[in-house]
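Results of the structural survey
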Amino acid sequence: MGDAQADRTVPPSGFTANLTLFSAAAMAFLAVFALALSLATGRLATRWGEELARSSTLRISAPADQLETQTQAALRVLETTPGVTSARALTAEEQRALLEPWFGPDLPLETLPVPQLIEIMEDGAGYDAAGLRLRLAAEVPGAVLDDHTRWRKPLVRAAARLRLLGWLSIGLIGGALAAMVTLAAQAALAANNRVIAVLRLVGATDSYIARAFVRRFTLRGLTGAMVGTVLGMLAVLLLPAAQQDAGGFLTGLGFAGLHWFWPLVIPPLAATVAFAATSAAARKTLKELP
């Protein structure tokens, strides 16, 4: 940063300093939310993926007089399948609860040809889905195995795209901050044209003058980013907490555990962006000044 007193050699920058403070605070505030979106998406996809990966569903469609027989046969097959830790047939009340959001609470389940569902829980290694399907096809003709693969893959793809969108947003926020600081620095240098000319007459080098402006705008960027980061973290803290039973995404938009330390990286990054932008703007503008 050079001479700590260098920025006192030039007059206060006026509105450009305020513009830098406001821009850094606003961009840091938005960066906190972009970071929260990216991290929350990763957590949600991981939780859903693990839950779906550990469970499967077996659906048995058969005539009413054969349904119980095929259900028991399917359970016997599952009990002897390596990788399956437990299997149980859902009760009528559990199946009614699954259908209630679509058909209402007064669904006459006993009068409808509703398939029997069997919940399968597997261990960490999992089971051979292809082999299990072949066994079920031979012993339980009405059984259809759903290992939730078609649900996991879209979740992983959606989470990856949302995470990419979050990091892309952070990159755009950094670019916008760099542009605002560059414009503010150029305006400050142009407004102090006469002061710069006097400093040159008394022997000040362009690098010394540039460091004065670089130090000023870097500190403004750091201060503004710290304020914006604190406000952003407080706003995220006030969001509704995650509700595991509801599984809602918006209620889990925030930081968890050690992720609360990630926003603390934003102020140093903002200061680095301000330093680089001001340095480039100062060198370019000083070369153009007579």
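Predicted model only: the values in this text are computed from it and were never measured.

Thresholds, definitions, all that
Residues numbered from 1 in each chain as written. Predicted model: local features only at pLDDT ≥ 70, side-chain atom pairs only at ≥ 80, totals over all residues. Heavy atoms only, no water. Helix = DSSP H or I, 4+ residues; strand = E, 2+ residues; numbered from the N terminus. Buried < 20%, exposed > 50% of the residue type's maximum accessible area, 1.4 Å probe, protein only. Contact = heavy atoms within 4.5 Å. Areas by Shrake-Rupley, 256 points an atom, 1.4 Å probe, with all protein chains shown as cover. pLDDT = per-residue confidence, 0-100. Axes fitted to C-alpha atoms, helices over the stretch in contact; angles between N-to-C directions. Parallel < 35°, antiparallel > 145°, perpendicular 65-115°, else oblique. Left-handed = near helix turned anticlockwise from the far one by under 90°. Nonpolar A, V, L, I, M, F, W, Y, C, P; charged D, E, K, R; others polar. Polar contact = N/O pair within 3.5 Å; in protein donor to acceptor, adjacent residues only side chain to side chain. Pairing = 2+ DSSP bridges. Salt bridge = Lys/Arg side-chain N within 4 Å of Asp/Glu carboxyl O. Phe/Tyr/Trp six-rings, centres within 6.5 Å; stacked < 30°, edge-to-face > 60°.

**A few points about the overall build of the chain**
Tallying secondary structure elements over the chain gives eight helices and four strands in all. Moving toward the C terminus, one meets the helices and strands of the chain in the order α-β-α-β-α-β-α-β-α-α-α-α. Counting over 290 residues, the chain shows a buried share of 38%. Summarising the internal contacts of the chain: among those between residues at least 6 apart in sequence, 83% fall at separations of at least 24. Total accessible area computed for the chain in this model is approximately 16,300 Å², and 66% of it derives from carbon and sulfur atoms.

**With respect to the confidence of the model for the chain**
This prediction gives the chain a mean pLDDT of 80; 85% of its residues lie at or above 70. Here residues 244–248 is a poorly scored stretch, pLDDT under 50, and it has three contacts once near neighbours within four places are set aside; other chains count.

**Some words on the packing of helix 6 (residues 193–201) against helix 7 (residues 206–237)**
With their axes 10 Å apart at the nearest point, helix 6 and helix 7 run at an angle of 140 degrees to one another. When the axis of helix 6 is compared with that of helix 7, the two are oblique. The handedness of the crossing between helix 6 and helix 7 comes out as right-handed. Contact residues: helix 6 offers Ile196, Leu199 and Arg200, while helix 7 offers Asp206, Ile209 and Phe213. Broken down by class, the residue content of the contact of helix 6 with helix 7 amounts to four nonpolar, no polar and two charged.

**As for the environment of Phe275**
Tracing the sequence through the fold places Phe275 in helix 8 (residues 266–288). Exposure remark for Phe275: the relative accessible area of 37% places this residue in the partly exposed category.

**Section: the side chain of Thr278**
Looking at the secondary structure, you find Thr278 in helix 8. Only 2.7 Å separates the side chain of Thr278 from the backbone oxygen of Ala274, close enough to count as a polar contact. Not counting the four nearest positions on each side in its chain, Thr278 is found in contact with Val181, Ala185, Phe213, Val214 and Phe217.

**A word on the packing of helix 7 against helix 8**
Interaxial distance between helix 7 and helix 8 falls to 8 Å at its minimum, and their mutual angle equals 150 degrees. In terms of axis orientation, helix 7 runs roughly antiparallel to helix 8. Seen from above, helix 7 lies across helix 8 with right-handed handedness. Taking contact as the criterion, the partners of Asp206, Ile209, Ala210, Phe213, Val214, Phe217, Thr218, Gly221, Leu222, Ala225, Met226 and Thr229 in helix 7 are, on helix 8, Ile266, Pro267, Pro268, Ala270, Ala271, Ala274, Phe275, Thr278, Ser279, Ala282 and Leu286.

**Some points on the sheet that holds strand 3 (residues 116–122)**
Taken together, four strands build an open sheet; the order of strands is 2-3-1-4 and the sheet is antiparallel. Strand pairing shows two members of the sheet lacking a second neighbour, strand 2 (84–89) and strand 4 (143–146), which therefore form its edges. Sheet twist, expressed as the mean angle between neighbouring strand axes with direction ignored, is 20 degrees. Direction of pairing for strand 1 (residues 55–60) relative to strand 3: antiparallel, over a ladder of six bridges. Bridge assignment links Ser55 to a residue of strand 3, and that residue is Met121.

**Brief notes about the environment of Pro263**
Relative to the assigned elements, Pro263 resides in the loop between helix 7 and helix 8. The spatial distance from the C-alpha of Pro263 to the C-alpha of Val230 is 8.7 Å, given a sequence separation of 33 residues. Sequence-distant contacts of Pro263, defined by excluding residues within four places in its chain, comprise Val32, Leu35, Thr229, Met233 and Phe255.

**Details of the pattern of salt bridges**
By the definition in use, this model includes three salt bridges. For Glu119, the salt bridge goes to Arg88, with nearest N and O atoms at 3.3 Å. Within this pair, whereas Glu119 is found in strand 3, its partner Arg88 is found in strand 2, the two being separated by 31 residues in sequence. A single salt-bridge network, built from bridges that share partners, covers Arg88, Glu94 and Glu119.

**Focus on the packing of aromatic side chains**
Inspection of the entire model under this criterion finds two aromatic pairs. Between Phe29 and Phe33, the ring centres sit 5.2 Å apart and the planes meet at 50 degrees, which makes this aromatic pair tilted. Taken together, the positions of Phe29 and Phe33, both in helix 1 (residues 15–53) and four residues apart, correspond to about one turn of that helix. Under the relative-accessibility criterion, Phe29 is labelled partly exposed at 29%.

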